[in-house]
Amino acid sequence: MILETIAPVADRSLGFTVAARNVRGRVVRLDASLNAVLAAHKYPDAIARLLAEALVLTTMLGSTLQDGAGQMTMQAQAKGGAVDLLVCDYRAGAVRGYIRFDDSATIPSGMSLPGLFGTGHLAITLDPTSGSERYQGIVPLEGASLSDAVRGYFETSEQLPTLVHVAVSGDAATGWIAGGLLVQHLARSELGGERLSVASDEQRAHPDWEHVLALASTVRDAELTDPALSEETLLWRLFHEEQVRIVDGIAPTRGCRCSAAHIRDVLGRFSEEDRAGMRDDDGLVKVDCEFCARTFAVEI
């Protein structure tokens, strides 16, 4: 049982399990880290909301990696819409993201996923970096939101019945806050029982999953973005009749990893002939980082 007495924390990632129902999940809230990422570029509100949703999804998925040194990347490429590239990544609590969009286009708030992207695909790459193989799943950019596309990824690539709910609140003038809830029904073999396939009616209509899905579906946008509501309190509201085990995760932070030393190391892998072609008249190689909107001038 989760007690409803814990004070909220601004940027948080909290894992939980309901073992009796073969369910795991994660609650994420981004505040300072989100605003730091969005401040790097002058995004219209509709684009800022899209990136905020992507950052929450990236944090929820990335924080499930067991190896703290692992990395998760989400990348959407498309054509025919206002956005042609979205990329976010997560490593050890550090999250960053960037959207390339047509700044001459009119992008109203509430624009649909097809309206923003046109047609394209979403690639999710998991790199545990602990001896496990790198894995990538690719799904179409379909549905009303990025959350719908991620749900499709879990059901097709991972074969896990999944609920994904993300909410974003605020604007550029007052600041942004975003939160998300991820709930999944695990294959029973992971918990000592028989394995159930997501493709089967048995998994989709399993009473444990139906029960937890009904409870989790009552979460409201305002609860996910309420800075006065702790994640423990939210889980208590949703699952107070269940035995829930919570596991605190790494607090999310804005984490662009670019530096002159890192760029110099990367450039050092090129031949001298290649580097000569990169240098300007002052003998410097200038590299733009879109994540943090900085230009690094490196002498090498």
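Residues numbered from 1 in each chain as written. Predicted model: local features only at pLDDT ≥ 70, side-chain atom pairs only at ≥ 80, totals over all residues. Heavy atoms only, no water.

(A) How the structure looks around the packing of helix α2 (residues 45-62) against helix α4 (residues 146-158). Interaxial distance between α2 and α4 falls to 10 Å at its minimum, and their mutual angle equals 30°. Taken together, α2 and α4 sit at an angle that is classed as roughly parallel. Between α2 and α4 lies a crossing of right-handed hand. Mapping the contact onto sequence places Leu50, Glu53, Ala54, Leu57 and Leu61 in α2 and Leu146, Ser147, Val150 and Phe154 in α4. The residue makeup of the contact of α2 with α4, split by class, is 7 nonpolar, 1 polar and 1 charged. (Axes fitted to C-alpha atoms, helices over the stretch in contact; angles between N-to-C directions. Helix = DSSP H or I, 4+ residues; strand = E, 2+ residues; numbered from the N terminus. Parallel < 35°, antiparallel > 145°, perpendicular 65-115°, else oblique. Left-handed = near helix turned anticlockwise from the far one by under 90°. Contact = heavy atoms within 4.5 Å. Nonpolar A, V, L, I, M, F, W, Y, C, P; charged D, E, K, R; others polar.)

(B) Examining the sheet that holds strand β10 (residues 245-248) more closely. Spatially, 5 strands are ordered β8-β9-β2-β1-β10 in an open sheet, and the strand pairing comes out antiparallel. The open sheet has two edge strands, β8 (162-171) and β10, and neither has a second partner. The average undirected angle you get between the axes of adjacent strands in this sheet is 15°. Together, β8 and β9 (175-185) form the strand contacts of α4, whose direction differs from that of β8 by roughly 160°. Lying over the sheet, helix α6 (residues 207-216) contacts β2 (23-30), β8 and β9, oriented at roughly 165° with respect to β9. (Pairing = 2+ DSSP bridges.)

(C) The pattern of salt bridges, seen in detail. Evaluation of the coordinates by the stated rule reveals 15 salt bridges. Of the charged contacts in the structure, one is a salt bridge between Arg100 and Asp84, with a shortest N-O distance of 3.0 Å. With Arg100 in strand β5 (residues 94-101) and Asp84 in strand β4 (residues 83-91), the pair connects residues that are 16 residues apart, well separated along the chain. A salt bridge links Glu272 to Arg279; the nearest nitrogen and oxygen atoms lie 2.9 Å apart. On the basis of relative accessible area, Glu272 is assigned to the partly exposed category, the value being 42%. Taking the relative accessible area as the measure of exposure, Arg279 reaches 24% and is therefore partly exposed. Salt bridges sharing partners connect three or more residues here, namely Arg12, Arg29, Glu231, Glu232 and Asp248. (Salt bridge = Lys/Arg side-chain N within 4 Å of Asp/Glu carboxyl O. Buried < 20%, exposed > 50% of the residue type's maximum accessible area, 1.4 Å probe, protein only.)

(D) How the structure looks around the packing of aromatic side chains. Tallying each qualifying case throughout the model produces 3 aromatic pairs. A centroid spacing of 6.0 Å and a plane angle of 45° characterise the contact between Tyr43 and Phe101, whose relative ring orientation is tilted. Here Tyr43, found in the loop between α1 (32-38) and α2, pairs with Phe101, found in strand β5; they are 58 residues apart in sequence, far enough to count as distant. When the ring of Tyr153 is compared with that of Phe154, the centres are 5.1 Å apart and the planes differ by 65°; the resulting orientation is edge-to-face. Note on accessibility: Tyr153 and Phe154 belong to one class, buried. Over the ring of Phe291 we find Arg96; its NZ or CZ atom is 4.1 Å from the centre of that ring. (Phe/Tyr/Trp six-rings, centres within 6.5 Å; stacked < 30°, edge-to-face > 60°. Lys NZ or Arg CZ within 6 Å of the ring centre and 35° of its normal.)

(E) Examining unusual backbone geometry more closely. Despite not being glycine, Asn22 shows a phi value in the positive range, around 55°. Tracing the backbone shows Asn22 in the loop between β1 (12-18) and β2. For Asn22, a relative accessible area of 6% puts it in the buried group.

(F) Inspection of the sheet that holds strand β3 (residues 71-80) at higher detail. With respect to topology, 6 strands assemble into an open sheet ordered β7-β6-β3-β4-β5-β11, the strand pairing being mixed. Of all strands in the sheet, those with a lone pairing partner are β7 (135-140) and β11 (253-254), marking the two edges. As judged from the 10 bridges shared by β3 and strand β6 (residues 118-127), these two strands associate in the antiparallel manner. In the strand pairing of β6, Thr73 is matched with Thr125. The strands that α2 touches are β3, β4, β5 and β6; relative to β4, the one it contacts most, it runs at about 35°. Packed onto the sheet, α4 meets β3, β4, β6 and β7 and runs at close to 125° relative to β7.

(G) Main features of the layout of surface pockets. Considered as a void within the structure, the second largest pocket measures approximately 340 Å³ in volume. Breaking the lining of the second largest pocket down by element, the ones donating at least two residues are α2, α3 (113-117), α4 and β8. Across the lining of the second largest pocket, the residue classes tally to 10 nonpolar, 4 polar and 3 charged. (1 Å grid on protein atoms, 1.4 Å probe; cavity = no way out; pocket = protein on both sides within 12 Å on 5 of 7 lines; lining within 4 Å. Points joined across faces, edges and corners; volume = space filled by probe spheres on them.)

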